[in-house]
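Below are the chains, spelled out letter by letter.
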2 protein chains.
Amino acid sequence: MRKWYLETGPDSDVILSTRVRLARNLQNVPFPIRMTPEQRKAVDAQIKDALLGSHAAIAGDFDYLEMQDTSPAQALSMMERHLISPEFAQAKDGALLLMKDESVSIMINEEDHLRIQVMRPGLDLQGAYEMADQLDTLLDERLTYAFDERLGYLTQCPTNLGTGMRASLMLHLPALQREGVMGQLSDTVSKLGLTIRGLYGEGTEPKGAIYQLSNQVTLGISEQAALQNLKSIAMQVIAQERAARQQLNGDLRLTDQVWRSYGLLCTARILTGEEFMQLISNVRLGAALGILTEVTLDEVANLILNAQPGCLTLRVGKNLTPAERDVERASWVREQLAKTET
Amino acid sequence: MRKWYLETGPDSDVILSTRVRLARNLQNVPFPIRMTPEQRKAVDAQIKDALLGSHAAIAGDFDYLEMQDTSPAQALSMMERHLISPEFAQAKDGALLLMKDESVSIMINEEDHLRIQVMRPGLDLQGAYEMADQLDTLLDERLTYAFDERLGYLTQCPTNLGTGMRASLMLHLPALQREGVMGQLSDTVSKLGLTIRGLYGEGTEPKGAIYQLSNQVTLGISEQAALQNLKSIAMQVIAQERAARQQLNGDLRLTDQVWRSYGLLCTARILTGEEFMQLISNVRLGAALGILTEVTLDEVANLILNAQPGCLTLRVGKNLTPAERDVERASWVREQLAKTET
């Protein structure tokens, strides 16, 4: 199965991907943090069986992995591809049901017993939610969820109570970042019950200009209302980013910067993660604006996901020092770009 | 005739080119600075006829140009290719006998009545001198030079008295420059009667690391002794530069820098003259060390000579602002490098 992130989705000039995750817990079993090893095993077996033992066709697309069987590089690489959380990668006592195209991952015994997560390229909240809902329904047939009429789905952390749903979008906002309005945008969306934060780097000025916009409210709101709210705000951000890009488009300095970034990615022998993100962000902006056609947006997505330390280490098959990693990153990026050129 | 600078000569890893010029004046005529317009015309006609009217086969390889017929861009471009001096370009009252391959230029009524200049790729003092000498002999048959038994050839500036010969080498010394020893080297060679100075930029740290090494003494020394002295010191500088390069060779940071410079030259949309020189110098070093084979040393020589303002303006055929020139330079360099790649 071709990996989900190699496809391009709606509004992909600005939206890299959509993620929806549902937090669920089993009735009458303590939350993972308080479980005994036996309870942990039992929950794990129960959930595994609920999916893989079902007669639904989709069950055949899943693999089951115990985190204790993964190498540190494998775990890191899964984390980098957003298949698991950093805590889950660290703890190594959970298990994972992973769809072969990596678009669905179900973490067992993370913070909650179940974390059903669905990813889609571009802006596709409805598509991601429907798949999550389908799996949720399937599992619900064979499991008994902890559910309260008043509170909704019960979760370990109160911020997830209610729908247990967190929907998020990965946005590429290089033009808004250049305009210096990200701090202000962050204030605005937080007043609307959303949060926006930089990925791949701290603060409001991450090197790659990639941000995550997600809903915060899960209680007292339906899934559809939460998705609708997120989507309508996302559409406004998209419109702003596009307008800012149009301001930049045709600017020779931008064209120069885009092409130089591409030139450096094609030739550098040493590339730090930070420089890589800066350069690939420029190239992505250039590709979105049609300044260069040498690289497509899905090729950029593949580069961003797979140029990270864990993915690099995994491909080389041995531990790398940071300096070796920068050489390996440069080498891998060159190889990928040489492929796309032909 | 293929231009001389498109060929590679001996020791071209370090020596870009060799230049020998002879200053000569006609007997019983004032130096150009004191000539009347009539005298100027007469001298011009006499010298032109001495070469073009001779039966020597070589005469057919020359064109005659009056500077007043050249556009400012043409004059600038000739200056950049070292065919004429800056003063000669400015004054516009002289004339030029130019060999079709541009390896020989004879300035008429520059500081002296005659400046016979020969250029050769790489280190070829003997070859350049022999050609200059051949032309000098040819002209001497039909002209009467101002010559004093004691002082030798008489010249307007006393620093040229004697042989009237200035021999110079264009050296690429990026490794010695990196070592920070150029100031010291300059002191040493000046004690040996030579001078070394940066080309394409001020001081001892010119961006392209291209230097000119030339003899200073013309009085009380034979041409052959002066050439031998210059050559033996040049050989030492070459040896030092090569040793310094071997120290650098294999250094990943150098390889990275060479390839990045190449990548930027292939993709940039804006290139200042200064940045161009920095980048092409890195590429030249890389080509000399075999780090990259995408560009040869003679292709680099062509780029260096023709990416200068006058040459760019001439090709475009209209006046360019500095900003337009930087765009044109980037565009032309990309075009050239795209050609060499295939």
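The structure presented is a predicted model; accordingly, all values stated were derived computationally and were not measured. (Residues numbered from 1 in each chain as written. Chains lettered and ligands numbered in written order. Predicted model: local features only at pLDDT ≥ 70, side-chain atom pairs only at ≥ 80, totals over all residues. Heavy atoms only, no water.)

Draft legend 1. The relation of the copies chain B and chain A, seen in detail. With an RMSD of 0.0 Å, chain B superimposes on chain A once it is rotated by 180° and translated 0.0 Å along the axis. The transformation relating the two chain copies, once decomposed into turn and shift, fits a two-fold axis. Taking C-alpha positions as reference, the residue of chain B nearest the rotation axis is B:Gly263, located at 2.2 Å. Counting the interface residues of chain B, we find that 100% of their copies in chain A are interface residues as well, pointing to one common contact surface. (Least-squares fit on C-alpha atoms with pLDDT ≥ 70 in both. Contact = heavy atoms within 4.5 Å.)

Draft legend 2. Expanded view of the side chain of A:Asn109. Residues and elements named next belong to chain A. Topologically, Asn109 is positioned in the loop between strand 4 (104-108) and strand 5 (114-121). A distance of 3.3 Å separates the side chain of Asn109 from the backbone oxygen of Arg40, its partner in a polar contact. With near-sequence residues (within four places) excluded, Asn109 lies in contact with Pro32, Met35, Arg40, Val43, Asp44, Phe88 and Gly94. (Helix = DSSP H or I, 4+ residues; strand = E, 2+ residues; numbered from the N terminus. Polar contact = N/O pair within 3.5 Å; in protein donor to acceptor, adjacent residues only side chain to side chain.)

Draft legend 3. The interface of chain B and chain A, seen in detail. Contact residues are listed per partner, giving 16 residues for chain B and 16 residues for chain A. Of the roughly 1,400 Å² buried where chain B meets chain A, counting both sides, 67% is carbon and sulfur surface. There are two salt bridges connecting chain B and chain A. Close ionic contact of B:Glu275 with A:Arg260 constitutes a salt bridge, the shortest N to O distance being 2.8 Å. At the junction of chain B and chain A, the tally comes to ten residue pairs in polar contact (both at pLDDT 80 or more). (Buried area = accessible area lost by both parts, 1.4 Å probe. Salt bridge = Lys/Arg side-chain N within 4 Å of Asp/Glu carboxyl O.)

Draft legend 4. Fine view of the packing of helix 9 (residues 273-288) of chain B against helix 10 (residues 297-306) of chain B. Residues and elements named next belong to chain B. One way to put it is that helix 9 packs onto helix 10 with a least axis distance of 10 Å and a crossing angle of 170°. Relative to helix 10, the element helix 9 is oriented roughly antiparallel. Contacts from Phe276, Met277, Ile280, Arg284, Ala287 and Ala288 of helix 9 reach helix 10 at Leu297, Val300, Leu303 and Ile304. (Axes fitted to C-alpha atoms, helices over the stretch in contact; angles between N-to-C directions. Parallel < 35°, antiparallel > 145°, perpendicular 65-115°, else oblique.)

Draft legend 5. Local environment of the sheet that holds strand 10 (residues 210-215) of chain A. All names here are of chain A. Read from one edge of the open sheet, eight strands run 2-3-4-5-1-8-10-9, paired in antiparallel fashion. The two strands at the open ends of the sheet, each matched to only one other strand, are strand 2 (62-66) and strand 9 (194-198). Averaged over neighbouring strand pairs, the angle between their axes works out to 20° when direction is ignored. Here strand 8 (residues 165-172) runs beside strand 10; their pairing, made up of five bridges, is antiparallel. The residue bridging Met170 from the neighbouring strand is Gln212, located in strand 10. Each of strand 1 (15-24), strand 8 and strand 10 touches helix 9 (residues 273-288); the most contacted strand, strand 8, lies at about 80° to it. (Pairing = 2+ DSSP bridges.)

Draft legend 6. Broad picture of the packing of aromatic side chains. Considering all chains together, one arrives at eight aromatic pairs over all chains under this definition. Seen in terms of ring centroids, A:Trp4 and A:Tyr5 are 5.8 Å apart; in terms of plane orientation they differ by 85°. Their pairing is edge-to-face. The pair formed by A:Trp4 and A:Tyr5 is uniform in burial state, with each residue classed as buried. Grouped by ring-pair contacts, the aromatic residues A:Tyr145, A:Phe147 and A:Tyr153 constitute a single cluster. Residue placement shows A:Arg315 over the ring face of A:Trp332; its charged tip is 4.0 Å from the ring centre. In this structure, B:Arg24 is placed above the aromatic ring of B:Tyr153, and the distance from its NZ or CZ to the ring centre is 3.5 Å. (Phe/Tyr/Trp six-rings, centres within 6.5 Å; stacked < 30°, edge-to-face > 60°. Buried < 20%, exposed > 50% of the residue type's maximum accessible area, 1.4 Å probe, protein only. Lys NZ or Arg CZ within 6 Å of the ring centre and 35° of its normal.)

Draft legend 7. Representation of the domain arrangement of chain A. All names here are of chain A. The assigned domain composition of chain A is domain 1 (15-245) and domain 2 (252-337). Spacing between the C-alpha centres of domain 1 and domain 2 amounts to 27 Å. Across the boundary between the two partners, domain 1 contributes 19 residues, which contact 20 residues of domain 2. The contact between domain 1 and domain 2 buries some 1,700 Å² in all, and 65% of this surface belongs to carbon and sulfur atoms. For the interface between domain 1 and domain 2, the tally reads zero salt bridges. Where domain 1 packs against domain 2, one counts seven residue pairs in polar contact (both at pLDDT 80 or more). Within the residue set of the side of domain 1 that touches domain 2, elements represented by two or more residues are strand 1, helix 2 (72-80) and helix 5 (174-179). (Domains from an automatic or database assignment.)

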